[in-house]
Number of protein chains: 2
Amino acid sequence: MSLYTYEALPVAEWFRRNKELAGFHNPTRALYQTIRELTENSLDATETYGILPTVYLRVKIEDEQKSWVSVYAEDNGIGIPGDEIPNVFGRVFYSSKYRIKQHRGVFGLGLKMVVLYAQSTTNKPVYVRSATVKSDKIYEYQIMIDTNKNSPIILDRREYPNRQKWHGTAVKVYLEGNWLGAKKRIEEYIKRTAIIAPYAEIVFKGPDLELWLKRRTTKLPPAPKEGLPHPKSVDVDTLKQMIQASRGMTLLEFLTENFDAVGEGTAKAFLEWAGFNPNAKVAGLTPEELVRLVEKMKQYEGWRRPRADWLSPVGAELLEIGAKAILGAEAVFAVTRRPESYGGHPFIVEAAVAWGGQIPPSDKPILLRYANKIPLLYDEGADVARKVVDEFHWDNYKVKFPAPLAVIIHVCSTKIPYASAGKEAIAEVPEIEKEMRLALRDAAKKLRLYLSRKEREQELLNKYISLAKYVDEVAHNFSIITGVDKGRLVDSLYKLIEKKLGVTVEDVIKHATAVTAQAEELAAPQ
Amino acid sequence: MSLYTYEALPVAEWFRRNKELAGFHNPTRALYQTIRELTENSLDATETYGILPTVYLRVKIEDEQKSWVSVYAEDNGIGIPGDEIPNVFGRVFYSSKYRIKQHRGVFGLGLKMVVLYAQSTTNKPVYVRSATVKSDKIYEYQIMIDTNKNSPIILDRREYPNRQKWHGTAVKVYLEGNWLGAKKRIEEYIKRTAIIAPYAEIVFKGPDLELWLKRRTTKLPPAPKEGLPHPKSVDVDTLKQMIQASRGMTLLEFLTENFDAVGEGTAKAFLEWAGFNPNAKVAGLTPEELVRLVEKMKQYEGWRRPRADWLSPVGAELLEIGAKAILGAEAVFAVTRRPESYGGHPFIVEAAVAWGGQIPPSDKPILLRYANKIPLLYDEGADVARKVVDEFHWDNYKVKFPAPLAVIIHVCSTKIPYASAGKEAIAEVPEIEKEMRLALRDAAKKLRLYLSRKEREQELLNKYISLAKYVDEVAHNFSIITGVDKGRLVDSLYKLIEKKLGVTVEDVIKHATAVTAQAEELAAPQ
């Protein structure tokens, strides 16, 4: 073979050969990743459009010897138009239009990787059934990907009348997968999803695992809006493409119509500062001017910060509901920070600390990481959140390890700085790191208050109990001396103690019951 | 905008938008990554073809205010044919033909990411000059990438006569880059490259950093050979493509001609075991038979292991030369393990432990990670090598921390299981983890021997010195009693001690000198 032989590799073929980049390392990771991608598509297709998600997932062992499994996922989402189904499942880089808006599946790649991995291990097509909202028809397809052409091969196509006005998408794939290897992670993934999305109903059926995560609330977080790019986040190539679509405009029009948080006043002030004529046509900009415009847009300090209504944080209330229900925590304190931005991309950090209850005491906090509501389970060591939690001064917040403490950190952004296409760790972006630290501090302050109060309550109860021990004897002796009825003396003594300590006998009983219950639970066989 | 809007994103545009996946997070990482990609291309274009590499790198600040820098890289490699230059630099997924052979740049993506990042920050083309071996002409180009068409835009093209018969490639790009931020990592990267490739001459010139890593040896590691896929590593899609190219063959012919380590005997035994007719034409296989064939190929235990001559380990000798020269270690012990395989991909693990000298003592070993001779500097926490080194029982090997200890771990493979396209961490593959552990054990055993010997020497020298203290006095007294000349008595007493301890006065002097030199070096201002 010559030294100088070159070839163009079709895109689908490239991804098939490099599947570990998208998290498809081996049959264990691949099965986990398949569940993840399908679940995330289902949640994106529902809650983003104001629909309370109901997701049904099933894993079945199809052939034990060959390690073949099938994965079925069904949702009640907005569905995919019949004619688009083949491209959505069978063409890499084909997806719902790129919008500046928070999505779980930012890369639009996961679904195709599922199909590619499935067909390269079992040679079987993906089965899809879908109907859009109010559609008269339900469409069914069986599709494979022609990796050399990067185009779908349609093996089967059917239409049915949609009498029930069902909408949503159902997908089934056959793949080589290691159920035993992936089981624990899948269980963890689904439970963690339920923590961050308590408004979702998720049913999972596996060979020896059934999970039914019930809807805990019907309150949805506000759906993210679509947005325009922030002037600080635009590069030269993007600007060129935007100008192509607005050739007739003046610079002033172009800036106010195409960018986020830029009104006429801001645009004028900027153009003057940058030395551009507001009335010049954008089509007439030279390449050098274009580059200078981008630089100036990056340098300008007068822009308003990116708008955050493209983002959809979970909110402290939903976080607390989710964490209490799934972790069985005694108390949860959650915080949603104000929007910030890095490189022109808006983001919000949320944090929650969960204490006690069923959380097992450990030497450092259990960390639950999320990005755009996706639970991140792998590569914890590479995630900036782990660093922040490890460096946090817990002793300032009355936490002494081992402690029954779990920390939830959620970052939402129109652009999560993932370190890999497998979407498992958030990179060290200083702005995000700082917000994580502040969010944790805010949540930990609430925890400290709670722990202080508990400590004080405990002290009071101890005092109450130690005083109450003498009530009977004192009342007895006083009764003999004074002739007053002992029962009345007992009552007034208790009242005296309760007034002094601010604790009632009911508190004591409640507390004692709680302690007993906890002790019984701990003693119960696992 | 409708709920149901879809679009196909051109591949180059997709990568431009997701550049952090390839390590281009921000101006610091992007500058580092640019140096890395260009250096690795240069090394691949030289040593892989038996040429001793000479690489010249230069970073220049072009515009301080805009953070524009230029990066220039030149090598003496095999060059790129003139007509291929535009595609090699201007078309994503176009690269030298996919071969089963160890390369640094396995993804063929890095170079295009450099060009994409450069043009999207400065709107300037990449400059390329190249001549192939024995070419009569030198070609010069200025190229940009049309991201919508994924094709090169040629802005300038020149040809010159190649009178000196120069061969190699020179590249210059202008990009937004943070020199101050990246400087330390770049220095580290180049030094670490020199450790693993002591046969390379690397000159680096930066704004306030000059490095000249001289060639320490003219011995090149054996160049990797090209290979065929191992039967265990093939999936259904690959097999289909291979069959397309061999439609006329029988199954027996197909297996023996297209696979590694499969002779006629092996092929026959396998086909009989798997229940296939050796004389059936491959073109006639049904889809079901094809899938069954792949499964059986995976399950069969009778294959020979993958051949390792596709691999190019550095070798213990070169590792020791490199580590001594660059780390300034007192002693280095290196080990190259035997080839192993995971999922049909051959790999070799090499490890070295470097002790003392200029290595500063620290609480845990300094770790230098390499994959296919690429130094890995980021995401250490996510790398399986860090885990192996941390879990290693150093106390079994006479190492007590703080210790002046550095560990080098090198994995070479036709397929490194990277966790991301940024190529910074090796994933947890059990087979590789095991080999790392064994390599470390083998190297640490040698270190233990060395440390034991040092310990024994030290003891002997101490004894020598404590006995020598009395020589003069004893000789003096004996000389008076016996009348024998004191000088002769001194001589024979020393000989007695030396015979008894096996240590000579020269050893003592050498040791004392070394200790003094070390003390002076430590005391010298840094």
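Residues numbered from 1 in each chain as written. Chains lettered and ligands numbered in written order. Predicted model: local features only at pLDDT ≥ 70, side-chain atom pairs only at ≥ 80, totals over all residues. Heavy atoms only, no water.

Looking up chain A in an unreviewed UniProt entry gives the name Type 2 DNA topoisomerase 6 subunit B, with the organism given as Pyrobaculum calidifontis. What the UniProt record of chain A gives under Catalytic activity (unreviewed entry) is the line "ATP-dependent breakage, passage and rejoining of double-stranded DNA." Regarding chain A, the relevant UniProt record gives this comment under Sequence similarities (unreviewed entry): "Belongs to the TOP6B family." (UniProt positions renumbered as here; feature names shortened; annotations may be inferred.)

Peer 1: Tell me what's going on with the overall build of chain A, and back it up with residues and numbers.
Peer 2: Across its full length, chain A carries 14 helices and 16 strands. In terms of overall dimensions, chain A has a C-alpha envelope of 110 × 70 × 55 Å along the principal axes. Out of the 526 residues belonging to chain A, those deemed buried represent 54%. Considering only residue pairs separated by 6 or more positions, chain A has 73% of its internal contacts joining residues 24 or more positions apart. In the form shown here, chain A has an accessible surface area of approximately 23200 Å², with 52% of it arising from carbon and sulfur atoms. Across chain A, the centroid of the 75 positively charged side chains sits 2 Å from that of the 68 negatively charged ones. (Helix = DSSP H or I, 4+ residues; strand = E, 2+ residues; numbered from the N terminus. Buried < 20%, exposed > 50% of the residue type's maximum accessible area, 1.4 Å probe, protein only. Contact = heavy atoms within 4.5 Å. Areas by Shrake-Rupley, 256 points an atom, 1.4 Å probe, with all protein chains shown as cover. Lys, Arg positive; Asp, Glu negative; His and termini not counted. Charge placed at Lys NZ, Arg CZ, Asp CG, Glu CD.)

Peer 1: Please give an account of the packing of aromatic side chains that cites residues and values.
Peer 2: Aromatic ring pairs are defined here through the distance separating the ring centres and the angle between the ring planes. Tallied over the entire structure, the rule returns 32 aromatic pairs over all chains. For the ring pair A:Phe24 and A:Tyr117, a centre distance of 5.6 Å and an interplane angle of 40 degrees mean the geometry is tilted. Linking A:Phe24 in the loop between helix 1 (11-17) and helix 2 (27-46) with A:Tyr117 in helix 4 (residues 110-122), this pair joins segments that are 93 residues apart in sequence. The exposure class assigned to A:Tyr117 is buried, which follows from its relative accessible area of 5%. Taking the centre distance of 5.2 Å and the plane angle of 20 degrees together, the rings of B:Phe392 and B:Tyr397 count as stacked. For the pair shown, B:Phe392 and B:Tyr397 are each scored as buried. Taken together, A:Phe270, A:Trp273, A:Tyr300 and A:Trp303 form an aromatic cluster joined through their ring pairs. Just above the ring of A:Tyr378 sits the side chain of A:Arg185; from NZ or CZ to the centre is 3.9 Å. The lysine or arginine in question, B:Lys66, covers the ring of B:Trp68, its NZ or CZ lying 4.5 Å from the ring centre. (Phe/Tyr/Trp six-rings, centres within 6.5 Å; stacked < 30°, edge-to-face > 60°. Lys NZ or Arg CZ within 6 Å of the ring centre and 35° of its normal.)

Peer 1: Explain the interface of chain A and chain B to me, and be specific about the residues and the numbers.
Peer 2: In this complex, chain A contributes 69 residues to the contact, which on the side of chain B involves 69 residues. Summed over both partners, the interface of chain A with chain B buries about 6200 Å², with 54% contributed by carbon and sulfur atoms. On the chain A side of the contact with chain B, A:Tyr4, A:Tyr6 and A:Phe93 bury the most area, a combined 12% of that side's loss. The tally of links between chain A and chain B comes to 4 salt bridges. Across the pair B:Lys298 and A:Glu176 runs a salt bridge whose closest N-O atoms are separated by 3.7 Å. Our count for the contact surface shared by chain A and chain B stands at 6 residue pairs in polar contact (both at pLDDT 80 or more). Within the residue set of the side of chain A that touches chain B, elements represented by two or more residues are strand 1 (6-8), helix 1, strand 4 (94-96), helix 4, helix 6 (236-244) and helix 9 (287-299) of chain A. Sort the elements by how many residues they give to the side of chain A that touches chain B and helix 1 of chain A lands first, with 6 residues. The residue inventory of the side of chain A that touches chain B, partitioned by class, reads 31 nonpolar, 20 polar and 18 charged. (Buried area = accessible area lost by both parts, 1.4 Å probe. Salt bridge = Lys/Arg side-chain N within 4 Å of Asp/Glu carboxyl O. Polar contact = N/O pair within 3.5 Å; in protein donor to acceptor, adjacent residues only side chain to side chain. Nonpolar A, V, L, I, M, F, W, Y, C, P; charged D, E, K, R; others polar.)

Peer 1: So, the pattern of salt bridges: which residues are in play, and what are the values?
Peer 2: Note on pairing: side chains with opposite charge can pair once their charged atoms come close. Residues and elements named next belong to chain A. One pass over the full model with this rule turns up 62 salt bridges over all chains. For Lys-364, the salt bridge goes to Asp-390, with nearest N and O atoms at 3.9 Å. Of this pair, Lys-364 sits in the loop between strand 13 (345-355) and strand 14 (366-371) while Asp-390 sits in helix 11 (residues 384-391), placing them 26 residues apart in sequence. On the basis of relative accessible area, Lys-364 is assigned to the partly exposed category, the value being 44%. Each of Lys-387, Glu-391, Glu-428, Glu-433 and Arg-437 takes part in salt bridges that share partners, so that together they form one network.

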